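# Breakdown of the fold
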Amino acid sequence: MIELKHITKWVNSGGNRFFLLRDINLTVKEGEFISIMGPSGSGKSTLLNVIGMLDEFNEGEYNFIGQPVHQLKEKQRSQLYKTHIGFVFQAYHLIDELTVYENIETPLLYQNVKASERQAMVSDILDRFNIVGKKDLFPPQLSGGQQQLVGVARALVAKPKLILADEPTGNLNSKQGEEIMELFKQLNTEDGVTIIQATHSERNAAYGSKIINLLDGRIEK
Amino acid sequence: MIKNYFITAWRNIWKYKSVSFINIGGLSIGIAAVILIAVYIQSEASYDHFQANLNSIYRVGFSSGLSEDPTAVSSEFTAPFSEDAQKQFPEIQNHCRVSGSHEAWTLYGDKSIKTSDLKYADDSFFKIFSFKITSGNPQTALQNPFSVVLSKTLAGKIFGKTEPVGKTILVDGKTNYQVTGVTEDAPANSTIKYEALASMSTLYHDSTYFMGWNGGWQYSHYLQLSDDASATGLEKKFKNFLYDNFNQKFSTPSQSLAAHLQPMSKIHLYYDESAANTRTNIYVFSVIALLILIISCINYVNLSVARASSRFKEVGVRKVLGALRIQLVKQFMGETLLISFISLVLAVGIAAALFPIYQDISGSALHIQAKELLFVSAFVLLLMFIISLSAGGYLAFYLSSLNTVNTFRMKLPKSGKHILGNVLIVLQFVISTALITTVLIVQVQMRYIKNKPLGFDKDHIVVVSLTGSNAQQKAIMLRQQIAGLSYVSGVSAMSEVPYDNITQNGFLPEGRKDYLTIHQLDADENLLKTLNINLISGHYFSDQHMVEADGYIINQALADKLGWKEPLGKTINRDGTHKVIGVVKNFHFASMHDEIGPLIITNKPWMNEYNFLVIKYTADNPALLISKLKDIWKQNTATAPFDYWFLDNAFDTLYKSEQKFQLLFFCFSVLSIVLSLAGVFGLVLLNIQYKTKEIGIRKVLGASVVDIIRLSARKFLLLIVLASLFAFPAAWYYSGTWLQNFAYRISMQWWMFVVSAVVVLVFAFFVISLQTLKAAKAKPVNSLRTE
């Protein structure tokens, strides 16, 4: 599903070149649950952003479901990731001015889903996550765990093949964190959603079927 | 999708209430002001446009001498001009003479009504002009002598609900006129205005009117040219025509008259007495409207961009969720459009609510017809689009161009944007400072002309108009009786009251070959004492020197003009030779726009009749005096109406147009200053919000509250100083241009500039300190926790 070949990314600062990613080679098959681990600044988020097509890379090749991402234009890339990838963030990144319902609905708007269909899809997911009662609340009115639940619901509503989660439990207490991880596990095993998460925590990493360790932008063997 | 955008926009407006308030409030007030100004300009620009024959009507302007000064053109001339011209030139299809305004008292039944605007006009009036006649026959209404057509308002006053046509009214207690028609009131934006129109033919039956070529300069001549006629061609032919009929017989070569054609459509803006003033006003208010608009847009862009960082996250999230750039641009444009739309609705409401007050202040009865209303609406809509596109467009492209990943880090890009922001703030300060300076200078000048000594006393003076020949003949008897009243310290009869200019006539002073036009005032022996005018040399007319009643008193300005060091005993010729017997100190007999001109005071009024009695009283409350005057008036004149006014009030009306201008200018300037400062306020507010963390860190490191205020104030204060460098020359230039309108004017002082800069400084410092204080006093622990 994902094939990264010799991916390298750097930034120039004051004449020096800082490598964020160095010669990353990674293959992810459909249905895998991968945890990326590493200390702060090791490049976990950058790697996720590259995989999510939110960030560019300087060298290397990236194939996503057979499409050469490095050769696509921004519009095509946007089309690709918005239909196939769902994002979950550490800071949830919900839009504060929109209700729970509207937040979950937003990705469908950008995929031009019809109103009736949209309603069905959002209702489904609200139901499944047991947050129907919260649908008219605004994000600041929810607890962190609940917000992240909405975040996951939003990532899943368009039925993506891949979920990219950047420290999804970083802002949560351990019990809330566990619930989210259980949810990921369930999605992976029951729905066959491919998941790539970045995390600090050994315990969370253990939910994955495969662990990749990053240090200074390199995959440690 | 649209709904989603709309919801986000609406909730954002709610979330940042104070900023939205400044944004929407500022924008709507700004648009309202622009609408009002647009209405004013439209009203001025559409003057006379209701005339169906607008493009074929010309007024004739007459200029004298070799002077090229277009303002020296008078539209009033003697009666036969257009009548004879039409006989000679086939390109003139129709002509219509309209006399100057006459004051008249009408009597119907026992009701006596005064009109200040009775004009005489030819029977072609309704053929050429598009005034609506509601009853009577427009073809014949002004045909017969002693016919009069009334405006609806005047007809209502005189007749109430009775049908006026066919009735007879007594005018000025001596002549009967038959009412032959009633018209709608002349539109407010009409050059020709009237309350009553009497037939021109009447004047040929009245021996007091001179209808020949050489006198009675009081008729405006309107010509309707045939479609194929050339105005310039006709103008050329007028040269010989005027020579044959007038110049050859009645004029010296240096003063020979020339006739010009003034297109009706251009009269108001180019040929009217007040045309220059009107144009200045239009110009000034256009500039102000533009400034208000610029300020509103700057406020909008500045506040929106400053606020944009709070939207970074949203932009990032939307991008991650698959929003294309164009979709984001559309969203933010739409948001601006929504804000503009709300503002527009509010603005129209504000403008409509203020319209009556505005009309009152501006005094010019604003007249808007359906067609013009459409124009103003279209203009406003266009305005709204420009605001939305420019302000929203900037924001939209700025936000949507941000890198997705960076938006999550909530960092403002450092380069470029701040410079633009600073430029816009400086522009705001420039506008505020320049406007405050200009307002100050206008105020000081207006105070100056109101308080400048006139050279005579205008206070405690009541003027009685001697209307009707009966009263004029009894002037001296009236004067004696009034002088005997208590609280009356002086009474004088005169031909004109010196406040709004005085008639000019041609005189030939000793040693000159050409006639000079000199103001002429006819007054009795009491003039100097009553008005407290100072005599410099010689002596004034008095009962003791009857032999010298023939002499002239001149003012200092005339002596200076003629270069007479010893004016006494010199002679001036007009219908005989007159000796100069006295010189008076200069006094203002016209507004401060004009320099004090040369003046001759004679003791011999035209037809031996004075027009006014000027009474100086000592009582604080003149009510009792007025009632006594009325009694005396009734005993002596029987039916003639009693009409009086106070001289100081008359002086106040002299600067009415300036005062209107001053007031409007003041209002709109204060408005733009407030808007611009509100923008600064909003910016400071946001600036400090973003600096909360920095302030927290500095406090932890040991900075005091004063240190922090100094830090945030310094930048703004520097910008104000920079702005002043641009504002001062602009204010100096524009105020100077305006002051040129006055012959008597203040000189601009350095403090006028400094004061305005200080006002802006103080305000900015106040706002900054207040906001910073709030942030600086907060516990650093709280502000640092936001990360």
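About the cut-offs
Residues numbered from 1 in each chain as written. Chains lettered and ligands numbered in written order. Predicted model: local features only at pLDDT ≥ 70, side-chain atom pairs only at ≥ 80, totals over all residues. Heavy atoms only, no water. Helix = DSSP H or I, 4+ residues; strand = E, 2+ residues; numbered from the N terminus. Contact = heavy atoms within 4.5 Å. Rg over C-alpha atoms; globule rule 2.2 N^0.38 Å. Buried < 20%, exposed > 50% of the residue type's maximum accessible area, 1.4 Å probe, protein only. Areas by Shrake-Rupley, 256 points an atom, 1.4 Å probe, with all protein chains shown as cover. Buried area = accessible area lost by both parts, 1.4 Å probe. Salt bridge = Lys/Arg side-chain N within 4 Å of Asp/Glu carboxyl O. Polar contact = N/O pair within 3.5 Å; in protein donor to acceptor, adjacent residues only side chain to side chain. Pairing = 2+ DSSP bridges. Phe/Tyr/Trp six-rings, centres within 6.5 Å; stacked < 30°, edge-to-face > 60°. Axes fitted to C-alpha atoms, helices over the stretch in contact; angles between N-to-C directions. Parallel < 35°, antiparallel > 145°, perpendicular 65-115°, else oblique. Left-handed = near helix turned anticlockwise from the far one by under 90°. Nonpolar A, V, L, I, M, F, W, Y, C, P; charged D, E, K, R; others polar. Expected span 1.5 Å × (residues − 1). Arc of directions from axis to C-beta. Patch = residues over 30% accessible without salt bridge, like charges linked within 9 Å, V, L, I, M, F, W, Y side chains within 5 Å. Core = buried A, V, L, I, M, F, W, Y, C linked by side-chain atoms within 4.5 Å. Domains from an automatic or database assignment. pLDDT = per-residue confidence, 0-100.

With that out of the way, let us pick up the overall build of chain B. Within chain B, the secondary structure is distributed over 24 helices and 23 strands. In chain B, 80% of the contacts between residues at least 6 apart in sequence involve partners at least 24 apart.

Another point: the overall build of chain A. A tally of helices and strands in chain A yields 7 helices and 10 strands. A compact globule built from 221 residues would reach a C-alpha radius of gyration of about 17 Å, and chain A, at 17 Å, matches this within 12%. Seen through its C-alpha atoms, chain A measures out along the principal axes to roughly 50 × 40 × 35 Å. Sorting the 221 residues of chain A into buried and exposed places 54% on the buried side. At a minimum sequence separation of 6, the contacts of chain A that also span at least 24 residues come to 72%. Accessible area of chain A: about 10200 Å², with a carbon and sulfur share of 44%.

So, about the interface of chain A and chain B. Contacts between chain A and chain B engage 23 residues on the former and 23 residues on the latter. Counting the surface lost from both chain A and chain B, the interface buries some 2300 Å², and carbon and sulfur atoms represent 60% of this. On the chain A side of the contact with chain B, His-93, Glu-97 and Tyr-110 of chain A bury the most area, a combined 32% of that side's loss. Run the count over chain A and chain B and you get 1 salt bridge. In this structure, Arg-11 of chain B and Glu-102 of chain A form a salt bridge, with 2.4 Å as the shortest nitrogen-oxygen distance. Counting across the interface, chain A meets chain B through 5 residue pairs in polar contact (both at pLDDT 80 or more). Elements with a contribution of two residues or more to the side of chain A that touches chain B: α2 (74–84) and α3 (100–110) of chain A. If you tally residues by element for the side of chain A that touches chain B, the top one is α3 of chain A, at 5 residues.

Where a strand is regular, its side chains alternate between the two sheet faces. All names here are of chain A. Where strand β3 (residues 33–37) lies against strand β9 (residues 210–215), 4 bridges are found, and the strand directions are parallel. The partner of Ser-35 across the bridge, within β9, is Ile-211. The antiparallel pairing of β9 with strand β10 (residues 218–220) creates a hairpin that spans 2 residues between the two strands, and Asp-216 there sits at a positive phi of about 50°.

Below, the discussion takes up the packing of aromatic side chains. Residue and element names in this part refer to chain B. Under the counting rule described, the total for this entry stands at 48 aromatic pairs over all chains. Between Phe-77 and Trp-213, the ring centres sit 6.1 Å apart and the planes meet at 65°, which makes this aromatic pair edge-to-face. With Phe-77 in strand β2 (residues 76–77) and Trp-213 in the loop between β10 (196–199) and β11 (219–225), the pair connects residues that are 136 residues apart, well separated along the chain. Pairwise contacts between aromatic rings join Phe-62, Phe-77, Phe-81, Phe-89, Trp-213, Phe-238, Phe-241 and Phe-246 into one cluster.

So, on to the sheet that holds strand β7 (residues 162–166) of chain A. Residue and element names in this part refer to chain A. Overall, mixed pairing links the 6 strands, which are arranged β6-β7-β8-β3-β9-β10 in an open sheet. Two strands in the sheet have a free side with no partner beyond their single neighbour: β6 (85–88) and β10. Along the sheet, successive strands turn relative to each other by an average axial angle of 25°, direction set aside. Contacting β6 and β7, α2 runs over the sheet at an angle of about 70° to β6. Strand contacts of helix α5 (residues 144–156): β6 and β7, with the helix running at about 170° to β6, the strand carrying the most contacts.

All names here are of chain B. The N-to-C vectors of helix α3 (residues 80–88) and helix α6 (residues 231–250) enclose an angle of 120°; their axes lie 12 Å apart at closest approach. Overall, the two elements α3 and α6 adopt an arrangement that is oblique. In the packing of α3 onto α6, the handedness of the crossing is right-handed. Facing α3, whose interface residues are Phe-81, Asp-84, Ala-85 and Gln-88, α6 presents Phe-238, Phe-241 and Leu-242. Split by residue class, the contact of α3 with α6 holds 5 nonpolar, 1 polar and 1 charged.

Here we take up helix α6 (residues 174–190) of chain A. All names here are of chain A. Here α6 contains 17 residues, and its C-alpha end-to-end distance of 24 Å stays within 8% of the 24 Å for a straight helix at 1.5 Å per residue. Looking at α6, one finds that the buried residues are Gly-177, Ile-180, Met-181, Leu-183, Phe-184, Leu-187 and Asn-188. The buried residues of α6 occupy one face: seen down the axis, they fall within an arc of 150°. For α6, the exposed residues lying more than 90 degrees away from the buried face are Ser-174, Lys-175, Thr-189 and Glu-190. Where α6 ends, the next residue or the one after it, Gly-192, has phi of about 70°, a positive value.

Residue and element names in this part refer to chain B. The topology assignment puts Asp-524 in the loop between β16 (516–522) and α16 (527–531). Engagement of the side chain of Asp-524 in a polar contact is seen with the side chain of Arg-479, the distance being 2.5 Å. Setting aside residues up to four positions removed in sequence, Asp-524 forms contacts with Arg-479, Val-491, Ser-492, Ala-493, Tyr-540, Asn-603 and Tyr-610.

In this section: the pattern of salt bridges. If you walk through the whole model with that rule in mind, you get 23 salt bridges over all chains. The salt bridge involving Glu-56 of chain A is made with Arg-77 of chain A; its shortest N-O contact spans 3.2 Å. With Glu-56 of chain A in the loop between α1 (44–51) and β4 (59–64) and Arg-77 of chain A in helix α2, this residue pair connects regions lying 21 residues apart in the sequence. Given a relative accessible area of 16%, Arg-77 of chain A falls into the buried group. As a salt-bridge pair, Asp-272 of chain B and Arg-59 of chain B come within 3.8 Å of each other at their nearest N and O atoms. With Asp-272 of chain B in the loop between α7 (264–271) and α8 (275–308) and Arg-59 of chain B in strand β1 (residues 57–64), this residue pair connects regions lying 213 residues apart in the sequence. A relative accessible area of 22% means that Asp-272 of chain B is categorised as partly exposed.

Our next topic: the packing of α5 of chain A against α6 of chain A. Residue and element names in this part refer to chain A. At their nearest, the axes of α5 and α6 sit 9 Å apart, and the two run at 20° to each other. Overall, the two elements α5 and α6 adopt an arrangement that is roughly parallel. Crossing of α5 against α6: the hand is right-handed. Counted together, Gly-144, Gly-145, Gln-148, Leu-149, Val-152 and Leu-156 of α5 and Gln-176, Ile-180, Leu-183, Phe-184 and Leu-187 of α6 form the full contact between these two elements. Residue composition of the contact of α5 with α6, grouped by class: 7 nonpolar, 4 polar and no charged.

On the surface, a cluster of nonpolar side chains totalling about 630 Å² of accessible area is made up of Trp-750, Trp-751, Val-754, Val-755, Val-758, Val-759 and Val-762 of chain B. With respect to the helices, strands and loops of the structure, Val-762 of chain B is situated in helix α23 (residues 750–777).

What follows concerns the nonpolar core. Counting 111 residues, the largest nonpolar core has Phe-429, Leu-527, Leu-531, Ile-601 and Phe-668 of chain B as the members making the most contacts within it. Of the residues forming this core, the biggest block, 13 residues, is contributed by helix α13 (residues 417–451) of chain B. Built from parts of two domains, this core gets at least three residues from each of domain 1 (2–44 + 276–449 + 663–784) and domain 3 (461–654) of chain B. The residues contacting Leu-531 of chain B, other than those within four sequence positions of it, are Phe-456, Asp-457, Ile-461, Met-494, Pro-498, Val-614 and Leu-647 of chain B. In terms of nonpolar packing, the next biggest core, distinct from the first, is built from 34 residues, Ile-131, Ala-153, Val-193 and Tyr-207 of chain A among them.

Summing up the model confidence of chain A, the mean pLDDT is 89 and the portion of residues at 70 or higher is 100%. For chain A, per-element mean pLDDT is lowest for α2 of chain A, which scores 84, and highest for β3 of chain A, which scores 94.

Turning our attention to the sheet that holds strand β22 (residues 612–617) of chain B. Through backbone hydrogen bonds, the strands of a sheet pair up, either in parallel or in antiparallel fashion. Residues and elements named next belong to chain B. With antiparallel pairing, 4 strands are arranged side by side in an open sheet as β14-β22-β13-β23. Two strands lie at the open edges of the sheet, namely β14 (488–494) and β23 (644–646), each paired on one side alone. Strand-to-strand, the axes of this sheet are offset by a mean angle of 20°, without reference to chain direction. Sheet analysis places strand β13 (residues 461–465) next to β22, joined by 5 bridges and oriented antiparallel. Bridge pairing in β22 links Ile-461 to Lys-616. Sheet contacts for helix α15 (residues 475–483): β14 and β22; angle to β14, the most-contacted strand, approximately 170°. The sheet contacts of helix α18 (residues 623–637) involve β13, β14, β22 and β23, and relative to β13 the element is tilted by about 25°.

Turning our attention to unusual backbone geometry. We note that Asp-23 of chain A has phi near 50°; this positive angle belongs to a residue other than glycine. Along the polypeptide, Asp-23 of chain A turns up in strand β2 (residues 16–28). Within the chain, Asp-48 of chain B stands out as a residue other than glycine whose phi angle is a positive 65°. Structurally, Asp-48 of chain B is set in the loop between α2 (17–45) and β1. Judged by relative accessible area, Asp-48 of chain B falls into the buried class, the value being 0%.

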